[in-house]
Amino acid sequence: MLSNLQTFGFFDESLVTAVKLNIFDLTVINDRLGVERLDGTYTAKDMEALLGAFEDIVDELGVTRLVVDSITAVCYQLPDKGSIRNFIFRLSQFLSTFGCTTMLISETVVDSNVQTYSIFGVEEAVADGVVLMGNIVRQGDLLRSLQVVKMRGTKHSRARHLIELTPVGLAVVPLLKWGQDGGQAFT
Amino acid sequence: MGTRWRAGFHVSVADVAKSVIKSINNGDTLATVGLGASNFHEGTIKLATVLLGKKLGGIYITTSRPSSHFIKELEDAKANLNDLYFVDLVSMTVGGSTDDARSLYIESPTMLESILLNITLLERRLKSKRRFVMFDSINGLSIYSEPKVLKEFINVLANSMRIKSIYSMLMTVKEQTGEDLSAALELLSDAVIGD
């Protein structure tokens, strides 16, 4: 992941050496907690251990921005939708007490040209905000898109925007209304 | 503001350049500049050279030829290229050179929003106080985009440039510009110059 980041001009490697950007591997956390199951499913005790690990990381490092990439990978380990809801709700509860804003990266699916917000349909209900990213087909070309679907407590654009990764960062521009011929294509 | 210099007869490139300078001095922000197909390329090079000579910095958007060609021709015309940048919609499509530091390259001419985005990026690099954007040409985009998409883009481009207060010239080829497109451009522009 770090070697991928280094290809972007806007990535500042000194953030890593200054311990301002920390990257944790979930499989390593699982190993250390001893929660890796052969059947790939977390028990209630495993879930508590994992939540505790997140809490320790945020508390000890004074984290104010946390990205979980992807929450879908965690959700696949949970036995049912109730557990997923409970896990995300508890995660958001303790993170908010630390003043930490969390971005949960969720995989999506496209069904009949409609892009869902998540595979399990739970994450978007619990989250304060949903930012939908995807691709749009125009004359055979793929354009990256971004749309803020919800963002509690703030006024925001609900229009679809085109995004580009530039040497100076992510650039956003409103999408032309007539410039979409193939609908939302891939996720 | 709102002046019309459209002539009913063929206008020389020198006259077009004079009209553009007059339009800038009048405080216009958006002009449609029409040239005939026979002198279109020569005209755009000359117009850019005149503006650069007047100490304006600019962004040149090219849809008809690679930016490397324009750079060479502007250098041949002894134009000052210190504060001129390019948004190139051609080179990546045809596999041309994409390593000029003055140019930002767009992968496909259908990615119209990228033009706006790249203008914003290049605008930060302009050193001159008086700035221009030269869009060469509106007709070049019509090859790849449907009329309704093109009209929407022109509308967004024109108003974006107006908000930024950058003098913008929408170059059109007289023989390729139908009445419908002409009317849309005239409606948006402060000045209609040339053929």
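For the structure, check the block above.
Residues numbered from 1 in each chain as written. Chains lettered and ligands numbered in written order. Predicted model: local features only at pLDDT ≥ 70, side-chain atom pairs only at ≥ 80, totals over all residues. Heavy atoms only, no water.

Student: I would appreciate a short explanation of the environment of Lys18 of chain B in the present structure.
Tutor: Relative to the assigned elements, Lys18 of chain B resides in helix H1 (residues 13-25). In this structure the C-alpha to C-alpha distance between Lys18 of chain B and Phe135 of chain B, which are 117 residues apart in sequence, comes to 18 Å. (Helix = DSSP H or I, 4+ residues; strand = E, 2+ residues; numbered from the N terminus.)

Student: What is the right way to look at a negative patch on the surface in this model?
Tutor: Taken together, the side chains of Glu55, Asp56, Asp59 and Glu60 of chain A present a region of like negative charge at the surface. In this fold, Glu55 of chain A is placed in helix H4 (residues 44-61). (Patch = residues over 30% accessible without salt bridge, like charges linked within 9 Å, V, L, I, M, F, W, Y side chains within 5 Å. Areas by Shrake-Rupley, 256 points an atom, 1.4 Å probe, with all protein chains shown as cover. Salt bridge = Lys/Arg side-chain N within 4 Å of Asp/Glu carboxyl O. Lys, Arg positive; Asp, Glu negative; His and termini not counted. Charge placed at Lys NZ, Arg CZ, Asp CG, Glu CD.)

Student: How should I be thinking about a nonpolar patch on the surface in this particular structure?
Tutor: Residues and elements named next belong to chain A. A cluster of nonpolar side chains, namely Met1, Leu2, Leu15, Leu21 and Ile23, defines an oily patch on the protein surface of about 420 Å² accessible area. Mapped onto the elements of the fold, Leu2 is located in helix H1 (residues 2-5). A relative accessible area of 34% means that Leu2 is categorised as partly exposed. (Buried < 20%, exposed > 50% of the residue type's maximum accessible area, 1.4 Å probe, protein only.)

Student: Explain the packing of aromatic side chains here, please?
Tutor: Pairs of aromatic rings are described using the distance from one ring centre to the other and the angle between the two planes. Under the criterion given, the structure shown has 7 aromatic pairs over all chains. Arranged with centres 6.5 Å apart and planes meeting at 65°, the rings of Phe54 of chain A and Phe87 of chain A form a pair that is edge-to-face. Of the two residues, Phe54 of chain A sits in helix H4 while Phe87 of chain A sits in helix H6 (residues 81-97), which places them 33 residues apart along the sequence. Note on Phe54 of chain A: relative accessible area 10%, which makes it buried. Using a relative accessible area of 0% as the deciding quantity, one classes Phe87 of chain A as buried. Centre to centre, the rings of Phe135 of chain B and Phe153 of chain B are 6.0 Å apart; their planes meet at 55°, and the pair counts as tilted. (Phe/Tyr/Trp six-rings, centres within 6.5 Å; stacked < 30°, edge-to-face > 60°.)

Student: Got a minute to help me understand the packing of H4 of chain A against H6 of chain A in this structure?
Tutor: A packed helix pair is summarised by two numbers, namely the angle formed by the two axes and the spacing between the axes. Residues and elements named next belong to chain A. Orientation of H4 relative to H6, taken along the N-to-C sense of each, is 25°, at an axis distance of 11 Å. On the basis of the axis angle, H4 is roughly parallel to H6. The two elements H4 and H6 meet at a crossing, and its hand is right-handed. Of H6, the residues touching H4 (which contributes Met47, Glu48, Leu50, Leu51, Phe54, Glu55 and Val58) are Ser83, Asn86, Phe87, Arg90, Leu91, Phe94 and Leu95. (Axes fitted to C-alpha atoms, helices over the stretch in contact; angles between N-to-C directions. Parallel < 35°, antiparallel > 145°, perpendicular 65-115°, else oblique. Left-handed = near helix turned anticlockwise from the far one by under 90°. Contact = heavy atoms within 4.5 Å.)

Student: Mind showing me how you'd approach helix H3 (residues 67-76) of chain B here?
Tutor: Residues and elements named next belong to chain B. Considered for burial, the residues of H3 that qualify are Ser67, Phe70, Ile71 and Leu74. Taken end-on, H3 shows its buried residues confined to a sector of 100°, consistent with a single buried face. The exposed set on the far side of H3, more than 90 degrees from its buried face, consists of Lys72 and Asp76. Those residues of H3 that are buried are in contact with helix H2 (40-53), strand E3 (57-62), strand E4 (84-88), helix H4 (91-94), strand E5 (103-105) and strand E6 (131-136). Phi turns positive, to about 60°, at Lys78, one or two residues after H3. (Arc of directions from axis to C-beta.)

Student: Explanation requested: the pattern of salt bridges in the structure shown.
Tutor: Where charged atoms of side chains with opposite charge meet at close range, the side chains can pair. Residue and element names in this part refer to chain B. All told, the structure shown has 11 salt bridges over all chains when counted by the stated rule. Among the ionic pairs, Asp100 bridges to Arg102, the shortest N-O distance being 3.5 Å. For Asp100, a relative accessible area of 23% puts it in the partly exposed group. A relative accessible area of 22% places Arg102 in the partly exposed class. For Arg162, the salt bridge goes to Asp190, with nearest N and O atoms at 3.0 Å. Here Arg162, found in helix H7 (residues 147-164), pairs with Asp190, found in the loop between helix H8 (179-188) and strand E8 (191-194); they are 28 residues apart in sequence, far enough to count as distant. Given a relative accessible area of 28%, Arg162 falls into the partly exposed group. On the accessibility criterion, Asp190 (7% relative accessible area) is buried. Several salt bridges converge on common partners, so that one network encompasses Glu123, Arg131 and Lys164.

Student: Sorry, what's going on with the nonpolar core here?
Tutor: A general feature of soluble globular proteins is that nonpolar side chains tend to end up buried together. Counting 40 residues, the largest nonpolar core has Ile61, Ile115, Phe135 and Phe153 of chain B as its most contacted members. Counting only elements with at least two residues in this core, the list comes to strand E8 (169-174) of chain A together with E3, E4, helix H5 (112-123), E6, helix H6 (138-142), H7 and H8 of chain B. Once you skip the residues sitting within four places of it in the chain, Ile115 of chain B turns out to touch Ile61, Leu89, Ile106, Phe135, Leu141 and Phe153 of chain B. Within the second largest apolar cluster, 32 residues are counted, among which are Val20, Ile24, Ile71 and Ala79 of chain B. (Core = buried A, V, L, I, M, F, W, Y, C linked by side-chain atoms within 4.5 Å.)

Student: What is the right way to read the interface of chain B and chain A from this model?
Tutor: Across the contact, 18 residues belong to chain B and 18 residues belong to chain A. Counting the surface lost from both chain B and chain A, the interface buries some 1500 Å², and carbon and sulfur atoms represent 64% of this. The largest contributions to the chain B side of the interface with chain A come from Glu113, Leu117 and Glu152 of chain B, which together make up 41% of the buried area. There are 1 salt bridge connecting chain B and chain A. Salt-bridge contacts for Glu113 of chain B lead to Arg138 of chain A; the nearest nitrogen and oxygen are separated by 2.7 Å. Applying the counting rule to chain B against chain A returns 9 residue pairs in polar contact (both at pLDDT 80 or more). Counting residues per element, the ones that place at least two in the side of chain B that touches chain A are H5 and H7 of chain B. The element that contributes the greatest number of residues to the side of chain B that touches chain A is H5 of chain B, accounting for 7 residues. Residues belonging to the side of chain B that touches chain A are distributed by class as follows: 9 nonpolar, 5 polar and 4 charged. (Buried area = accessible area lost by both parts, 1.4 Å probe. Polar contact = N/O pair within 3.5 Å; in protein donor to acceptor, adjacent residues only side chain to side chain. Nonpolar A, V, L, I, M, F, W, Y, C, P; charged D, E, K, R; others polar.)

None of this, on its own, says anything about what the molecule does.
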